[in-house]
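Residue-level structure breakdown
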Amino acid sequence: MSYAAYKMMHLPTGVDHCAAGFITHSPSDAAAFSSSPSSAAAPGPDGDVESAAARAPRRVGPTPNLVVAAANVLEVYAVRADAAAAEDGAPSSSAGAVLDGICGARLELVCHYRLHGNIESMAVLSDGTDKRRDSIALAFKDAKITCLEFDDSIYGLRTSSMHCFEGPEWQHLKRGRESFAWGPVIKADPQGRCGAALVYGLQMVILKAAQVGQNLVGEDEPTRALSSVAVRIESSYLIDLRVLDINHIKDFIFVHGYIEPVLVILHEREPTWAGRISSKHHTCMLSAFSISMSLKQHPMIWSAASLPHDAYQLLAVPPPISGVLVICANSIHYHSQSMSCSLALNNFSLQPDGSPEVPKTSFHVELDVAKATWLSHDVVMFSSKNGEILLLTVVYDGRAVQRLELMKSKASVLSSGVTTLGSSFFFLGSRLADSLLVQYSCGTSTSVLPDVTDESADVEGDLPFSKRLKRIPSDVLQDVTSVEELSFQNNMVPNSLDSAQKISFVVRDALINVGPLKDFAYGLRTNADPNAAGVAKQSNYELVCCSGHGKNGTLSALQQSIRPDLITEVELPSCRGIWTVYYKSSRGNTTEDNEYHAYLIISLESRTMVLQTGDDLGEVTETVDYNVQSSTIAAGNLFGRRRVIQIYAKGARVLDGSFMTQELNFTSELSLTSEPLAAASASVADPYVLLKMVDGTIRLLVGDHSTCTISVNAPTIFTSSSERISACTLYCDRGPEPWLRKTRTDAWLSNSIAEAIDGNDTSSHDQSDIYCIICYESGKLEVFEVPSFKCVFYVDNFVSGPALLFDAFAHISTKDNAIGSQDATKVSVKKEEANNIRIVELAMHRWSGQFSRPFLFGLLNDGTLLCYHAYCYEGLESDTQCVPLSPHGNAELGNANDSRLRNLRFRRVSIDVTSRDDISNLSQPRITIFNNVGGYEGLFLSGPRPTWVMVCRQRFRVHPQLCDGPIVAFAVLHNVNCCHGLIYVTSQGFLKICQLPSMYNYDNYWPVQKVPLHGTPHQVTYYAEQSLYPLIVSVPVVRPLNQVLSSMADQEFGLHIENDVTSADDLQKVYTVDEFEVRIMELEKPSGRWETRFTIPMQPFENALTVRIVTLLNTTTKENESLMAIGTAYVQGEDVAARGRVLLFSFTKSENSQNLVTEVYSKDSKGAVSAVASLQGHLLIASGPKITLNKWTGSELTAVAFYDAPLHVVSLNIVKNFVLFGDVHKSIYFLSWKEQGSQLSLLAKDFASLDCFATEFLIDGSTLSLAVSDSDKNVQIFYYAPKMVESWKGQKLLSRAEFHVGAHVSKFLRLQMLPTQGLASEKTNRFALLFGTLDGGIGCIAPIDELTFRRLQSLQRKLIDAVPHVCGLNPRSFRQFSSNGKAHRPGPDNIIDFELLSHYEMLPLEEQLEIAQQIGTTRSQILSNFSDFSLGTSFL
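Described below are features of the structure shown in this document. In this text the structure is predicted, and so the values were computed from the model without any measurement.

Helices and strands together make up the secondary structure of the chain, namely 15 helices and 87 strands. A burial count over the chain gives 58% of its 1436 residues as buried. Across the chain, every contact between residues at least 6 apart in sequence was considered, and the portion connecting residues at least 24 apart equals 61%. In the structure as shown, the chain presents an accessible area of about 57100 Å², 52% of it carried by carbon and sulfur atoms.

Put into structure tokens, the structure is as follows:
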């Protein structure tokens, strides 16, 4: 392998930072709207606020957005609360507990970005006023700070300012240091006057916010006038803290209650360490500085000395109390300018000499690494290191704080950050478990919480899929089952001492996290197909991962592609399309959501089959009045499901059940002889049907509800136009308030009239507006109202996929015209390629949910899927004076300008669909929209690479389906035997009826099933013969301290220790130790549940370090045996010599034996056994700093060779007779094993020092490379070339490529790549490396050939400048090898980055063609390289 490509396949999910802020709307937007009295939820000023807040009298204020950062992914969510039904008598449809008038809440995605850099720290700049929005400030490695604000016109974030303190002119800030313990930390002033960022350890950057009403220089944007302006940064300056005699900063924060911003810094004057605590223990101090930004002065206004050495965090107490809380591991201290008080948490908290006695908590707790947030102005919530939630009350009188009181509350996830969202929600972000959205209520709550495990299944509230989130009990707040209200004394007012404040919690939503991925195994799925080959074979496998930690430890089964559970299949050759229709007789009134389908219509090449979908599928083709002699083009329901319409090439039939009530034949109006004109495609939206004829004209069939008949209408507007229509569709905008009405010019008119007429009943009437969307072959897109065919929206160049779509008539400006004239002068060569690209299919749909917005899809004839998400943007009023132009010269369009959808805009959404194929003639539609398949909604894209696109939280989750090859037709089926299932027909001619596997949660980058282990998983391996997964789990257990101490000591010292610890109080102490075991787990075939089949416990203080399945050659019987090898180590403190054990287990073949495995060998070893592997029938063991090779006699292991490793082996890999191992500090070694002299000899090594995380061989044909990941988040690829001069006669491994991943890669897995059709001389023996990271990301590094590499590398260099990168981050600097200040010779840049290349498909078509031409290739060549790569690496 000379060249490689890097691609992330599953983005990181572990939440590092979370913050709350009014990003998409200002507090007054939300507040004005939640106080509106009408019960019909009117659209807010932003379309983005809580309309549910309008309904119930409750104390929930405006809810801010949630901003979440996971490694290099930034997401902004909106909290959507569902108000409980007002009448208490009828139980609401959702089982959620009602708290403060809310019965459910969920997070909906607003926008999502992948950055070229890891977010080190995040703050929200907010000035606390109701009118202005907040901005997000992000800090990146070394010293980069970016401020982002939400821009309504693009419905996304844009950069408002960037601040960089790197490079030669800022070199002096580092003071000669290269490596810093942590990246920049950023904090914001609560009043929004400034922000502060600590960079390079001791340089404080003060970011001054712009005053209200001031604009940045050179800003020509009147568009911001209407919407509320966000906080912006105007200028910045530096404070060198060394000058102020501050050395070691632990934390800093802005406090409340001062006229100027006051920055309080917690720092250590003279450091101490654990061994000197007895003599030097109160070393920290506080210094408060008043920041005067105009004078750039910062006088110290107060300070507090002699704080404990373990202080690590400051919390600013909100007004009216103000001041600061200092959080230490063993105590909490309150300090303000005038007074102080403290609270000891356990026996370890020391008092400074001569100080008064400190009050203690009634229970023992340690608060190191706790996360905290304020639930109200005097209650702060801590999430401790073992997942407990603690509540601290600041008891005060006036402004004098009297004391601090702490109480225990619930148990929850181990969190990495916690933030309060408004007055009724908080969010627990976690890297080790799912992140939770929790609703809390202060004050006496009338509702009693049900058992949370039941409630959490219905987190989605009133949506039609209540069973949507299959949550795991371990990830929910645990102790709620015994319904005890949380109460604690709170003397807010001295006279009401007994008013106990109660806080109740209920989990409302969860964001799935599969990190940290410590190890994974590649095994078969339960529904695998043994006969599959090629790409279909890949979806037989799944990835079983160790994720989580402690009580949140889980086994995660991940699949990249969906494999539906088959119910039945029949052979059905030459099928063209399938439809399922409902039939509702006029008297039946079943609920729409759960109605069963009545008929299945199957269109074959020249005839149509009709099947009844009752208890079983029975063919009724002979007895129904459908046109069964010709193939069907479309079928659907009309008139509220009372009639079925069947459309075929020559005409249409309307059927009532199985009886025809009307038949139409299509004729051509233009020709004199009334010869029949054939229909090519059709789109049904009750009561209209839109037909596209063969000659490119369209017809509309109009239904009449009273008579249930239809009539043909040829819109006159198209008869005059000569342009051919390439695709068309109908969009039905239905609901209590049709969404597109909000975007009209006269929206306020129509809305207020409707409300006046209907009074309070608007919510009960489902109104529906129908629109017709038409795309011409020239690439124009128009939206018409039906049936009047009045043009309400027009886009000039839809086919090129611009980033934003807006109505061209409503926004004619000089800027656009200038762009248009440039296009004409471009090179004619490129135009030719652009001309033959056109839209072949359109679809538009709005899925369920009160706040959902429509999506628009366009399928190009090269297989690209364009996705757009609609949003409402009210621009400036000055746009209305523009001159309306009409494409057809129709004068009447001029005065119709008022009813145009001029506030409607669409934003392009990236979607990773890899089907690249030429769809020149689209025989049947590819896009099928489904509203409920197994509780999920979205669309299915059939074709050569079928793909599910699920819509969860208003975002796309794209899951391919590879298992059946190309799919020609798809339909949903809901009947007795197949609940919310699906039917599809493969290109081989099989009709399959399936259901989605219900154990998986599809609201993730990959479908995932999480199995709670209630312990930390460490390593997993797969035993293929019996499909078993042995894994190492450690469970924390509480033990008496004396028992722990006695076993820690060696035998002869035992007596001395006994004498020391005999005092009575010490005998009561306990200590938590991890107990290890190896569990053998299996995925049960029918149920899909994971069961533990067998458990092998380890001895006390013995840690299992590795478990692997090894194949050994038994020298006595001369047969190969598959054994399970376990390597362990005894952890007994530094006084005892390290030792470990090697255990071998064999699997029993017989079914009925009690033991699944039996121990066949066990031996103590002198060092810790950290890795095992089998090498040509021998067992390779890494014990301590020595690697030994052993042969197996059937009862004994005898050593035959050894090699001395430097320190400690962390990973072992084997290919043929080559061994690669990584050392904990000394990089990688490459050995070979020779049978003749029976010796392990060193071939080469890397002479640099490197802290290895994982190693693996990378195989490309006949070339062997060695990949290693390290503690600085890099990956390096080495090769062995003894003939090269610089390899020092072959002693040194040479660097082939190096790359900064930006995450700790903990495991590589070598998998064979699929040969693709791209190149004829493709090497078959080509392997890629699948890797998992500690952030929960999965990616791959795969070899590519030189030609592709050169092409894509030059594309990558172009894209660095051609794409505007979020936050202004440079992808080249991010991917540079990061050596953390150590000396490193830069290696070659032979890895291409698909994270950057993925931006290419999101560019407009003209730019794609231009860039391709500049690098001397074509767009189709680049896209086929992309799809070949994703095809070759679709492993799961």
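What follows picks up the thread again.
Another aspect to go through is the pattern of salt bridges. Summed over all chains, the structure comprises 51 salt bridges. One salt bridge connects Lys 141 with Glu 120, and the closest N-O pair in it is separated by 3.6 Å. Here Lys 141, found in the loop between strand 7 (135-140) and strand 8 (144-151), pairs with Glu 120, found in strand 6 (residues 119-125); they are 21 residues apart in sequence, far enough to count as distant. Residue classification places Glu 120 among the partly exposed residues on the basis of a relative accessible area of 23%. Close ionic contact of Asp 189 with Arg 193 constitutes a salt bridge, the shortest N to O distance being 2.9 Å. A residue is classified by how much of its surface remains accessible, and Asp 189, at 2% relative accessible area, is buried. Here the salt bridges share partners, and the residues they tie into one network are Arg 80, Asp 82, Arg 106 and Glu 108.

In this model helix 11 (residues 1346-1362) runs 24 Å from its N-terminal to its C-terminal C-alpha over 17 residues, within 8% of the 24 Å that 1.5 Å per residue would give. Considered for burial, the residues of helix 11 that qualify are Thr 1348, Phe 1349, Arg 1351, Leu 1352, Gln 1353, Leu 1355, Gln 1356, Leu 1359 and Ile 1360.

Along helix 14 (residues 1405-1414), the residues that are buried comprise Leu 1405, Gln 1408, Leu 1409, Ile 1411 and Ala 1412. Take helix 14 and look down its axis: the buried residues cluster within an arc of 165 degrees, on one side only. Note on helix 14: the residue one or two positions beyond its end, Gly 1416, has a positive phi of about 75 degrees.

Now for the packing of aromatic side chains. Taken as a whole and judged by the stated rule, the model has 40 aromatic pairs. Aromatic side chains Phe 940 and Trp 948 sit 5.1 Å apart centroid to centroid with 75 degrees between the ring planes, which places their arrangement in the edge-to-face category. Judged by relative accessible area, Phe 940 falls into the buried class, the value being 0%. Relative accessible area serves as the criterion here: at 0%, Trp 948 is assigned to the buried category. A network of ring pairs unites the aromatic residues Tyr 6, Phe 1299, Phe 1308 and Phe 1331 as a single cluster.

Grouped together as the largest cluster of nonpolar side chains are 63 residues, with contacts concentrated most on Leu 543, Leu 1330, Leu 1355, Leu 1359, Tyr 1400 and Phe 1426. Contacts of Phe 1426, omitting those with residues within four sequence positions, involve Leu 1352, Leu 1355, Phe 1394, Leu 1397, Tyr 1400 and Glu 1401. Formed by 31 residues, the second largest nonpolar core is a distinct cluster that contains Phe 930, Trp 948, Phe 970 and Leu 1031.

Considering all chains together, one arrives at nine cavities of 30 Å³ or more under this definition. In this model, the largest cavity occupies a volume close to 200 Å³. Listed by contribution, the elements that provide at least two residues to the lining of the largest cavity are strand 3 (65-70), strand 4 (73-83), strand 30 (500-511) and strand 59 (955-960). Looking at the lining of the largest cavity, its residues break down into eleven nonpolar, two polar and five charged.

Right, let's get into the sheet that holds strand 50 (residues 791-795). The strand order 47-48-49-50 describes an open sheet built from four strands, whose pairing is antiparallel. The sheet is open, and its two borders are formed by strand 47 (725-735) and strand 50, each paired with just one other strand. Going across the sheet, the axis of each strand differs from the next one's by a mean of 20 degrees, ignoring polarity. As paired strands, strand 49 (residues 781-785) and strand 50 are joined by four bridges and run antiparallel to one another. Note that in strand 50 the partner of Leu 781 across the bridge is Val 795.

Criteria and thresholds
Residues numbered from 1 in each chain as written. Predicted model: local features only at pLDDT ≥ 70, side-chain atom pairs only at ≥ 80, totals over all residues. Heavy atoms only, no water. Helix = DSSP H or I, 4+ residues; strand = E, 2+ residues; numbered from the N terminus. Buried < 20%, exposed > 50% of the residue type's maximum accessible area, 1.4 Å probe, protein only. Contact = heavy atoms within 4.5 Å. Areas by Shrake-Rupley, 256 points an atom, 1.4 Å probe, with all protein chains shown as cover. Salt bridge = Lys/Arg side-chain N within 4 Å of Asp/Glu carboxyl O. Expected span 1.5 Å × (residues − 1). Arc of directions from axis to C-beta. Phe/Tyr/Trp six-rings, centres within 6.5 Å; stacked < 30°, edge-to-face > 60°. Core = buried A, V, L, I, M, F, W, Y, C linked by side-chain atoms within 4.5 Å. 1 Å grid on protein atoms, 1.4 Å probe; cavity = no way out; pocket = protein on both sides within 12 Å on 5 of 7 lines; lining within 4 Å. Points joined across faces, edges and corners; volume = space filled by probe spheres on them. Nonpolar A, V, L, I, M, F, W, Y, C, P; charged D, E, K, R; others polar. Pairing = 2+ DSSP bridges. Axes fitted to C-alpha atoms, helices over the stretch in contact; angles between N-to-C directions.

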